[in-house]
Structure formats: C-alpha cells, structure tokens
Amino acid sequence: MKNLPIGIQTIQEIITDGYIYVDKTQFALELIQTGKHYFLSRPRRFGKSVFVSTLAEIFKGNKALFEGCHIAASNYDWKPYPVLYLDFGRITNKTPEKLEIHLHELITKISKKQGIEAKGTSLEFRLEVLVEALASKERVVVLIDEYDKPLIDHLHNQEVAEGNRRILQDFFGVLKNLDEYIKFTFITGISKFSKVSLFSGANHLNDISMDAQYAAMMGYTQEELVQYFGQYVQAIVQKKNQQGKPSTKEEVLAEIKDWYNGYRFSKAERYVYNPFSTLKYLAEKEAESYWFATATPTFLVEELKKRPQEVTSLSQMLATQKDLSDISKITRITLPALLFQTGYLTIEDYDVKLKAYQLDFPNKEVREALFGAMLEELAEGELKSLEVSRMAKKLQESLSTLALETFVEIINDHFARIPYQVYDNAKEGLYQAIFMICLELSGIHTQGEVATNKGRIDVLCQLAGQFYIFELKVGKKATVAVKQALDQEYSQRYRHQGKQIVVMGVSFSSRKRNIDSWQGELLDEDGKLIRKLAPEDKQ
C-alpha cells in the first residue's frame, strides 16, 4: 500500500515520494481555463496548501509530475510562468513590526533567488518592483496561502490583529494595481476579512468558497474515500475482526462517515470528509478527535462563554450567505461566520424562501469535542467531559425508562462539580447551556432553541422510544415551566411519529445551583395524556 500523506503539504513530495494523491487537478484546470483571480476559504488542515502547491507546479510547466492525473490527459499547454508563492503560515506575525520585518526578508529572499534587485525601504514599493521584474518575459502567477493567519492568530488581541490588518491592507493593496503584470491569482485563507484590500478594486477576486462547482475541491468525497483508500479500510476490518469485534467494510465506512464526513460548503448537497482526521483514522485504526485536537479553538470557546445562551442554538443557527462569507470588522466577528469558516459548523440545509442557510455540526468529532471544550471552559476545568461520558449509559437509561428522579440526580451531580463562582450573576442561559452539554456528551441527540409555530423549545432530546421536551426556568416553579410547554403545544410537531412524548418542566435554583424541582407529563404519540410525572414525594 502507498503511504498516507499525513501532514505533507507539497504536491511534489506526495507524488515523488509515493504517497497516495487524491487527484484534484480537474479543479485546477477548470480554474485556469475559466478565470483569473480567485479566493477560497476553508477550515485549517483541509488541503489548501497542497492545492496551492499543485497550482504552482502546473504553472511552472511540470507536466511530468502529473503523469496519470486528470490534467495530464487534457489539452493544457504546460507553458511555464513565473510564480510568486507567499505562504503566510510560515511568516512571523507576533507583532505588526515583526510581520513587516519578515515580509521584507521574504521579498529579499525571493528577489535574490530570481536575480532581481528589489531595493527600497517601503514594503509596498519592493513588492511592486519584484512583480514587475518577474513579469519581464511572462505575466506572473500570484499564489498566496493562509493570507489571514496574521489576523486569525490574534483574534484574542485586537491591538495586534488590527496592526497586522493595516500592514496586510497596504501590502495586498499593491497587487490590485498590478493587474497588467498578473496572469493568475489564487488566494486561500480560513476567513474573508473584507477590509484587507484583497476584496476590492480592479482585480476583484472571485470568491468561490460557497460555489457548488468547487464544493469538493478540498476534502474527500465518498467516492474518493472508497477509490483511493479501500485497502486501508479493509485493513481496519481485519484488525477489528482479529480483536474479536466482528466488522464489515460497510460498517467501517459508516464509522468514518459518522465521525469525519458532513462538511457542506454550498447550496448543493455535496458533502466531503475532513481529510486530516480521515487520514489519521486510517493510520491509527481508531476513531478519535484528531482534527480538533490539533488546535483548541480558544477564542471561539471564550466567545461562547461570554454568550452561553447561544450554545443551545448552534445547531439551529440561520444565516445568509453574506453572514457566512464576510467579516467586515475584526472587532465585531459574528458567531455564524466564525463557526462556519473555521469548520465547527457547516451547512445543513438551504431555505429558498428565506434565502438563508441552516447550520449544524458536521459530524461526531466536532460535535463531541466542541461541547467538551465548552463544558470545561464554562465549568472552569472542574467538570471534565470524560466524567460526563462515564455516566452516559446510566443517564440514557434513566430517560428511556422514565426514571426521571435518577436523571435529575445525575444532572445535579454534574452541576455540583462546577465552582460556585461560575454561577455569580448567572442567567438562565448558563444553566441551559450546561444542561444541554451534559446531555450531548452523554450521547443523546439534542437540540436547543427549537422553533415551533408558537414559541421555542428550550431543549429537545430524541431517544429510540421518546421525544423529550424540556422547558427550563431559573427561580420559577417547575409547574410554571411545564404549563408553558403544554399551553404552547410544543409537542404538536412531534406527534404521530411512533414515539411517546415527555414534556418536562425543570426549575433551577440560583441558591442551590442545581435542579430544585421538576414536573412533567407523559403523552402518547397522538399527544394524549398517559400520566403525570413528578418526584415520588410529590405524587
């Protein structure tokens, strides 16, 4: 078997050293033949660097490298062009001063390699001289990878981020005035910061980030997974069978899909796998949160901690294309844009009438890992996701068997591990967020802030035999909560689906910092009362 290209970011190394290469050259050919200036945003570790290096080798005329690939069988002329390749992932950006110094050093390095004298004190002037000199015979191909890293790395420090933005704005502003010298431009990043000069001017970039035509350009499709990695899948089947865990190819593929598939970047229902996590799974033969573990989303988790009420509505979030694809100010980044562009939420559906996208977690890896990180942040490290997972089976059984006193005891045990200061001035949103996260990490399919025609359900859970509708209150009686859910007929949309419906009002005490009381009703699938539910001492 060929080796898996884990962590390898250049097409030349992948192909010449005999790693598996998932052929994406059909997309490169289409870009080259149909346009000139492009921008693409994708989450980190999603294949951006490999694709940029692919474009570089194509424009250098390296036909031999692509023998057997789609582009080699096309009518592409393989004419070589000068390539200006800037990888901002390798540029120091700790301060605006260091960013500017490193950019100067990079231009000096490229100039010397090309035998060009790009003298001057101005960074912008030296870039202009470099591009014009490179274009003395043929127009220049400009490839920029991770253009926004100097911004993304400092979202927690607005002063540095803003200073870096000003440098990038001036630097990239030069390129839009050099269009006559440029053959082709391809720029990648995680986010689209509209006020960085790249996205305005004569050479306006064609943002293909949410274009259905290029939805599968990065990441692996189902067909690619089967075609290129079939031997690795079979090896996992054999290992599981040897370990006494009878398994089939279909079951292994289903596991990979559950954990790592689900990324959708356009209106078209075209889904791709996270390439990094998929490769790691194939190598390690175990399902883990590989992608998430490579970089904890500290800024994102801190933002959610400030607004815990929004945790419950993540999987129901609605956003327009502009909401998802454009960040106008570093100081005011909206959650939909941040979560979508960084890969923690993806497109679940598109509402044609509203012209809005419904977002959800792409897969099990992201859902479990993000909720785990949020729980530990909200609980200041005192309640670990592993502790919740240990009680998961018991909590699931308590709900499926209607042992609701046991369920409340488990939830209260979790709340008891959270330091008292976390609850200082806490509103209903914090209790609701921790409650929902505990359910999620117990393996229960959960949704928050579910809209109905009469209001919003705080938390909805789906089990094999029941729907659970939770109405949560802080400082109010549980009877008030359950009455609201019944009066608003939240159960109506879940009737006639072959499941019982449990409507449960839960009251949190800000003094006790846990569930103080609960009441509920058990309904049949038609919404008719079977019996009332209450603690034994209340019955």
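Structure: see above.
Residues numbered from 1 in each chain as written. Predicted model: local features only at pLDDT ≥ 70, side-chain atom pairs only at ≥ 80, totals over all residues. Heavy atoms only, no water.

**A look at the overall build of the protein chain**
Phase 1 of the analysis: For the protein chain, the helix and strand inventory stands at 20 helices and 16 strands.
Phase 2 of the analysis: Computed over C-alpha atoms, the radius of gyration of the protein chain comes to 27 Å, within 12% of the 24 Å expected from 2.2 N^0.38 for 539 residues, which places it in the range of a compact globule.
Phase 3 of the analysis: Dimensions of the protein chain, computed from the C-alpha atoms along their principal axes, are close to 90 × 55 × 45 Å.
Phase 4 of the analysis: When the 539 residues of the protein chain are sorted by exposure, 54% land in the buried category. (Helix = DSSP H or I, 4+ residues; strand = E, 2+ residues; numbered from the N terminus. Rg over C-alpha atoms; globule rule 2.2 N^0.38 Å. Buried < 20%, exposed > 50% of the residue type's maximum accessible area, 1.4 Å probe, protein only.)

**Brief notes about the layout of surface pockets**
Phase 1 of the analysis: The space that makes up the largest pocket amounts to roughly 1,200 Å³.
Phase 2 of the analysis: Sorting the residues of the lining of the largest pocket by element identifies α3 (48–59), α6 (149–152), α10 (275–284) and α12 (298–306) as the ones contributing at least two each.
Phase 3 of the analysis: If one sorts the elements of the lining of the largest pocket by residue count, α3 sits on top with five residues.
Phase 4 of the analysis: A breakdown of the residues in the lining of the largest pocket according to their chemical character gives 26 nonpolar, twelve polar and eleven charged.
Phase 5 of the analysis: In this structure, the second largest pocket occupies an estimated 860 Å³ of space.
Phase 6 of the analysis: For the lining of the second largest pocket, the element with the highest residue contribution is helix α4 (residues 96–114), accounting for seven residues.
Phase 7 of the analysis: Grouping the constituent residues of the lining of the second largest pocket by class yields eleven nonpolar, seven polar and seven charged. (1 Å grid on protein atoms, 1.4 Å probe; cavity = no way out; pocket = protein on both sides within 12 Å on 5 of 7 lines; lining within 4 Å. Points joined across faces, edges and corners; volume = space filled by probe spheres on them. Nonpolar A, V, L, I, M, F, W, Y, C, P; charged D, E, K, R; others polar.)

**Examining the sheet that holds strand β10 (residues 356–360)**
In a beta sheet, neighbouring strands are held together by backbone hydrogen bonds and run either parallel or antiparallel to one another.
Phase 1 of the analysis: The strand order β8-β10-β9 describes an open sheet built from three strands, whose pairing is antiparallel. The two strands at the open ends of the sheet, each matched to only one other strand, are β8 (318–319) and β9 (346–351). (Pairing = 2+ DSSP bridges.)

**Details of a negative patch on the surface**
Phase 1 of the analysis: On the surface, Glu269, Glu348, Asp349 and Asp351 cluster together into a negatively charged patch.
Phase 2 of the analysis: Its location among the elements puts Asp351 in strand β9. (Patch = residues over 30% accessible without salt bridge, like charges linked within 9 Å, V, L, I, M, F, W, Y side chains within 5 Å. Areas by Shrake-Rupley, 256 points an atom, 1.4 Å probe, with all protein chains shown as cover. Salt bridge = Lys/Arg side-chain N within 4 Å of Asp/Glu carboxyl O. Lys, Arg positive; Asp, Glu negative; His and termini not counted. Charge placed at Lys NZ, Arg CZ, Asp CG, Glu CD.)

**Some remarks on the sheet that holds strand β11 (residues 445–451)**
Phase 1 of the analysis: Judged by pairing direction, the sheet is mixed, and its six strands sit side by side in the order β11-β12-β13-β14-β15-β16 without closing on themselves. The open sheet has two edge strands with one neighbour each: β11 and β16 (529–533). Averaged over all pairs of adjacent strands, the angle between strand axes in this sheet comes to 25°, irrespective of strand direction.
Phase 2 of the analysis: Of the strand pairs in this sheet, strand β15 (residues 514–523) and β16 are connected by four bridges, and their pairing is antiparallel. Its bridge partner lying in β16, Gly520 is registered against Leu533. (Axes fitted to C-alpha atoms, helices over the stretch in contact; angles between N-to-C directions.)

**Comments concerning the packing of α4 against helix α7 (residues 158–175)**
Each packed pair of helices is defined by two parameters, the angle between the axes and the distance between the axes.
Phase 1 of the analysis: The N-to-C vectors of α4 and α7 enclose an angle of 30°; their axes lie 8 Å apart at closest approach. Between α4 and α7, the crossing angle belongs to the class labelled roughly parallel. Judged by the sense of rotation from one axis to the other, the crossing of α4 with α7 is right-handed. The residues of α7 that touch α4, namely those facing Pro96, Leu99, Glu100, Leu103 and Ile107, are Val160, Gly163, Asn164, Ile167, Leu168 and Phe171.
Phase 2 of the analysis: Grouping the amino acids of the contact of α4 with α7 by side-chain chemistry returns eight nonpolar, two polar and one charged. (Parallel < 35°, antiparallel > 145°, perpendicular 65-115°, else oblique. Left-handed = near helix turned anticlockwise from the far one by under 90°. Contact = heavy atoms within 4.5 Å.)

**Digging into unusual backbone geometry**
Phase 1 of the analysis: For Lys285, which is not glycine, the phi torsion reads 60° and is therefore positive.
Phase 2 of the analysis: On the secondary structure map, Lys285 appears in the loop between α10 and α11 (290–293).
Phase 3 of the analysis: Here Lys285 falls in the partly exposed class, since its relative accessible area comes to 23%.

**Points about the pattern of salt bridges**
Phase 1 of the analysis: Inspection of every chain in the model, using the stated rule, returns 21 salt bridges.
Phase 2 of the analysis: Arg166 is the salt-bridge partner of Glu162, the closest N and O atoms lying 3.7 Å from each other. Of this pair, Glu162 and Arg166 both sit in helix α7, separated by four residues, roughly a single helical turn.
Phase 3 of the analysis: A relative accessible area of 26% places Glu162 in the partly exposed class.
Phase 4 of the analysis: With relative accessibility at 47%, the residue Arg166 sits in the partly exposed group.
Phase 5 of the analysis: With a shortest N-O distance of 2.5 Å, Glu489 and Lys454 are connected by a salt bridge. Residue Glu489 is found in the loop between α20 (478–487) and β14 (500–509), and its partner Lys454 is found in the loop between β11 and β12 (456–462); the two are separated by 35 residues along the sequence.
Phase 6 of the analysis: Using a relative accessible area of 39% as the deciding quantity, one classes Lys454 as partly exposed.
Phase 7 of the analysis: What emerges from the salt-bridge pattern is a single network uniting Glu162, Arg165 and Arg166.

**Things to note about the nonpolar core**
Phase 1 of the analysis: Membership of the largest hydrophobic core comes to 173 residues, with the highest contact counts inside it found for Phe186 and Phe470.
Phase 2 of the analysis: If we ignore the near neighbours within four places in the chain, the residues touching Phe470 are Leu399, Phe407, Phe435, Leu439, Ile457, Asp458, Val459, Cys461, Met504 and Val506. (Core = buried A, V, L, I, M, F, W, Y, C linked by side-chain atoms within 4.5 Å.)

**Brief notes about the environment of Gln316**
Phase 1 of the analysis: Note that Gln316 resides in the loop between α12 and β8.
Phase 2 of the analysis: By relative accessible area, Gln316 is classed as partly exposed at 21%.
Phase 3 of the analysis: The sequence separation of Gln316 and Lys305 amounts to eleven residues, and the corresponding C-alpha distance is 18 Å.
Phase 4 of the analysis: Setting aside chain neighbours within four positions, we find Gln316 in contact with Gln358, Leu359, Gln447, Gly448 and Glu449.

**Considerations on the side chain of Arg44**
Phase 1 of the analysis: As for its placement among the helices and strands, Arg44 is situated in the loop between β1 (37–41) and α3.
Phase 2 of the analysis: The side chain of Arg44 is buried and forms no salt bridge, while Glu365, the nearest opposite charge, is found at 7.3 Å.

**Structural notes on α7**
Phase 1 of the analysis: Taking 1.5 Å per residue, 18 residues should reach 26 Å; α7 reaches 26 Å between its end C-alpha atoms and fits that length.
Phase 2 of the analysis: Inspection of α7 places Val160, Ala161, Gly163, Asn164, Arg165, Ile167, Leu168, Phe171, Phe172, Gly173, Val174 and Leu175 among the buried residues, and these make up the whole buried set.
Phase 3 of the analysis: Structurally, α7 contributes buried residues whose contacts are with β2 (83–87), α4, α5 (123–134), β3 (140–145), α6 and β4 (182–189). (Expected span 1.5 Å × (residues − 1).)

Distances and angles like these do not, on their own, reveal function.
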